[in-house]
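Reading the structure
Residues per chain, in single letters:
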Amino acid sequence: MGIWQIGKAGARISRSHEAWQEGFRASLVDLSESDICGSCFAVVRYQTDEELRGDEALARVHKQLNQCRLRLMLDFVPNHTALDHPWVQKHPGFYVQGSTQDIDREPQNYIALKTNQGRRVFAYGRDPYFDGWPDVLQLDYSQPCKLQLLAIAPRCDGVRCHMAMLILPEVFERTWGKTIEPFWPKAITAVRKRFPDFVLLAEVYWNLEWTLQLQGFDFTYDKRLYDRLRVRVRYPIREHLGAGLYFQQKLARFLENHDEPCAAETFPHEIHKAAAIITFLSLGLRFFHDGQLAGKSVHIPIHLCRDPDEAIDKELSEFYSSLLQTLQKPVFRHGKWALAKCCPIEQGNESWEHFIVYCWQDEGKVTFIAVNHTAHPGQCWVVWQEPPVDENPQQDLMSSKSPALRVEINAEQMLLDFPAWGYHVFTLQNR
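Residues numbered from 1 in each chain as written. Predicted model: local features only at pLDDT ≥ 70, side-chain atom pairs only at ≥ 80, totals over all residues. Heavy atoms only, no water.

1. Structural notes on the packing of helix H14 (residues 269-280) against helix H15 (residues 314-327)
Axes are the key here: two packed helices are described by the angle between their axes and the distance separating the axes. The interhelical angle for the contact between H14 and H15, taken along N-to-C directions, is 15 degrees, at an axis separation of 11 Å. Our classification of the angle between H14 and H15 gives roughly parallel. For the element pair H14 and H15, the recorded crossing hand is right-handed. Across from His269, Glu270, His272, Lys273, Ala276, Ile277 and Phe280 in H14, the residues of H15 making contact are Glu315, Leu316, Phe319, Tyr320, Leu323 and Leu327. Grouping the amino acids of the contact of H14 with H15 by side-chain chemistry returns 8 nonpolar, 2 polar and 3 charged. (Axes fitted to C-alpha atoms, helices over the stretch in contact; angles between N-to-C directions. Helix = DSSP H or I, 4+ residues; strand = E, 2+ residues; numbered from the N terminus. Parallel < 35°, antiparallel > 145°, perpendicular 65-115°, else oblique. Left-handed = near helix turned anticlockwise from the far one by under 90°. Contact = heavy atoms within 4.5 Å. Nonpolar A, V, L, I, M, F, W, Y, C, P; charged D, E, K, R; others polar.)

Encoded structure:
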């Protein structure tokens, strides 16, 4: 994110918009005007910014990454452009238009600009639940428009599509009262025709993940899991992880992103670790945000081009280092995933309800991930689907550093006795 050229208009608005300044100063106590570069979503053209040495530098980085067997994913903003995008002058019809009455009634959602075709009223880009973003203009998908995705695709191996659900026909009609044809199936087909292995990730909310998966996206944001972990309610987490495997394997799991607060700020350490174990050892795409692995806690608004100096959180840094090493195990990429069945150990003991347990199976081994997702100690039975050969763990991969954590295994079931927020990741040999 943030490599494309943004215009002077976006930077000017970011530096003068009063409602944004408090958030900027909260992130940078020594904030100066030069720290405010403008929103990376106010794109004026899909060319690499000259401060990053332009498209030739991007091409070199892309080549070097591929030589290291890494792929490059860039950002695509389909819903809107900067106020000073060339289309505003050359093709104002590409945008949602308004009237002077619209400005009088909703000045937070419309702006009048001079164009080569006279003065026009344009709608700010927005979603239907909030006021407009004053540094961008809304594209009108009921009108013919150039497919910028094809211009980006040769320069990377995939794109993250910003607020991808905003141009779904039902959402666009609800927001703008205009009927449009489905955009994503045609666009994705056109890109895949030229670049068959191109990867598309949709930023999506409002329970529209499945809709965008059906329209061709390889992965979609999984904010539902994040929200349920954040409010620390166990039933919805287990229900969510019980969804169909085809759906789950296309979810991008995360604990923070450019919009959300830093995970180190949202979750106390022990809760943070438990949430990370549930999130990143499950199915799907594992999505880590810049600064998360070091335990940074200051959220950086997308308008800023500098972050404060923060000391590395040693405890979280070591935890994530161990987690990334664990994720290198082939079972987490090629194994078969299943949600385990938890049961009470005795009548009246309801602590089993707080356990989240699932497993990965591959090459005759089964790797269990077990978490007691609550602020109290708990116990549960896990009933075997396939009994292990050995009644002792073959390999401990990760666990809470607590002597109170106990795992007992017999031929029929497994007893888990964990402290608050306790977790354990271990591998057994199957029969």
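2. Considerations on the environment of Cys156
Secondary-structure assignment places Cys156 in the loop between helix H6 (149-152) and strand E8 (158-161). Linking Cys156 and Val61, residues 95 residues apart in sequence, is a C-alpha distance of 9.8 Å.

3. Thoughts on the sheet that holds strand E11 (residues 251-253)
The strand order across the open sheet formed by 6 strands is E3-E8-E9-E10-E11-E12, and the pairing between neighbours is parallel. The two strands at the open ends of the sheet, each matched to only one other strand, are strand E3 (73-76) and strand E12 (285-286). Summarising the sheet, E8 and strand E9 (residues 199-202) pair through 4 bridges and their orientation is parallel. Within E9, the residue paired with Arg160 across the bridge is Leu201. (Pairing = 2+ DSSP bridges.)

4. As for the sheet that holds strand E21 (residues 423-429)
Pairing in this open sheet of 5 strands is antiparallel, and the strands run E13-E15-E16-E21-E18 from one edge to the other. For this open sheet the edge positions go to strand E13 (336-339) and strand E18 (395-399), each flanked by a neighbour on one side alone. On average, adjacent strands in this sheet sit at an angle of 15 degrees to one another, irrespective of strand direction. Where E13 and strand E15 (residues 355-362) come together, 4 bridges link them in antiparallel fashion. Directly across from Ala338, in E15, lies its bridge partner Cys359. This element, H14, spans E15, strand E16 (365-372), E18 and E21 of the sheet and lies at about 145 degrees to E16.

5. So, unusual backbone geometry
A positive phi is found at Met163, a non-glycine position, where the angle reads about 45 degrees. Tracing the chain through its elements places Met163 in the loop between E8 and helix H7 (169-176). The residue Glu363 is not glycine, and still its phi comes out positive at about 55 degrees. Among the secondary structure elements, Glu363 is positioned in the loop between E15 and E16.

6. Here we look at the pairing of strand E20 (residues 413-418)
Burial of E20 is extensive: 5 of the 6 residues sit out of reach of the surface. With 6 bridges connecting them, strand E17 (residues 378-383) and E20 associate as antiparallel partners. Bridge pairing in E20 links Gly378 to Phe418. Two strands pair when backbone bridges link them, and strand E19 (residues 406-409) and E20 are joined in this way by 4 bridges, in the antiparallel orientation. What sits directly across from Glu408, in E20, is Leu415. In textbook terms, the turn of a hairpin is the stretch between consecutive antiparallel strands, and for E19 and E20 this stretch comprises 3 residues. (Buried < 20%, exposed > 50% of the residue type's maximum accessible area, 1.4 Å probe, protein only.)

7. Side note on the nonpolar core
With 104 residues, the main nonpolar core has Trp184, Ile277 and Leu323 as its most contacted residues. When residues in this core are grouped by element, the largest group, 7 residues, is from H14. Not counting chain neighbours up to four residues away, the residues in contact with Leu323 comprise Ala276, Ile277, Phe280, Leu281, Phe288 and Met398. Cys342, Val366, Ala370 and Leu428 belong to the second-largest nonpolar core, a separate cluster that totals 19 residues. (Core = buried A, V, L, I, M, F, W, Y, C linked by side-chain atoms within 4.5 Å.)

8. Description of the state of the cysteines
Counted according to the given criterion, the structure contains 1 disulfide. Covalently, Cys37 is tied to Cys305 through a disulfide, its sulfur atoms 2.0 Å apart. Residues Cys37 and Cys305 are joined by a disulfide whose S-S torsion is about 65 degrees; by sign, that bridge is right-handed. On the criterion of sequence distance, the pair formed by Cys37 in the loop between helix H2 (18-27) and strand E2 (43-48) and Cys305 in the loop between E12 and H15 is long-range, its members being 268 residues apart. Residue Cys305 is classed as partly exposed on the basis of its relative accessible area, which comes to 46%. (Disulfide = S-S within 2.5 Å.)

9. Regarding the side chain of Ser351
Within the secondary structure layout, Ser351 lies in the loop between strand E14 (342-343) and E15. Separated by 3.0 Å, the side chain of Ser351 and the backbone nitrogen of Gln379 make a polar contact. Residues contacting Ser351, with those up to four places away along its chain left out, are Pro377, Gly378 and Gln379. (Polar contact = N/O pair within 3.5 Å; in protein donor to acceptor, adjacent residues only side chain to side chain.)

10. With respect to H15
Taking 1.5 Å of rise per residue, the 14 residues of H15 would be expected to cover 20 Å, and the 20 Å separating its terminal C-alpha atoms lies within 8% of that figure. Considered for burial, the residues of H15 that qualify are Leu316, Phe319, Tyr320, Leu323, Thr326 and Leu327. Each buried residue of H15 lies within a common arc of 115 degrees when the element is viewed along its axis, so the set occupies one face. Seen from the open side of H15, the exposed residues pointing more than 90 degrees away from its buried face are Lys314 and Gln325. The inward-facing, buried residues of H15 abut helix H13 (263-266), H14, E12, helix H16 (331-334), E18 and E21. Put simply, Asp313 is the residue that caps the front of H15, since its side-chain oxygen is 3.2 Å from the backbone nitrogen of Glu315. (Expected span 1.5 Å × (residues − 1). Arc of directions from axis to C-beta.)

11. Some words on the pattern of salt bridges
If you walk through the whole model with that rule in mind, you get 19 salt bridges. For Glu315, the salt bridge goes to Lys273, with nearest N and O atoms at 2.6 Å. Taken together, the residues Glu315 in helix H15 and Lys273 in helix H14 connect sequence positions 42 residues apart. A residue is classified by how much of its surface remains accessible, and Lys273, at 10% relative accessible area, is buried. A single network of salt bridges, built from pairs that share partners, joins Lys223, Asp227, Arg230 and Glu260. (Salt bridge = Lys/Arg side-chain N within 4 Å of Asp/Glu carboxyl O.)

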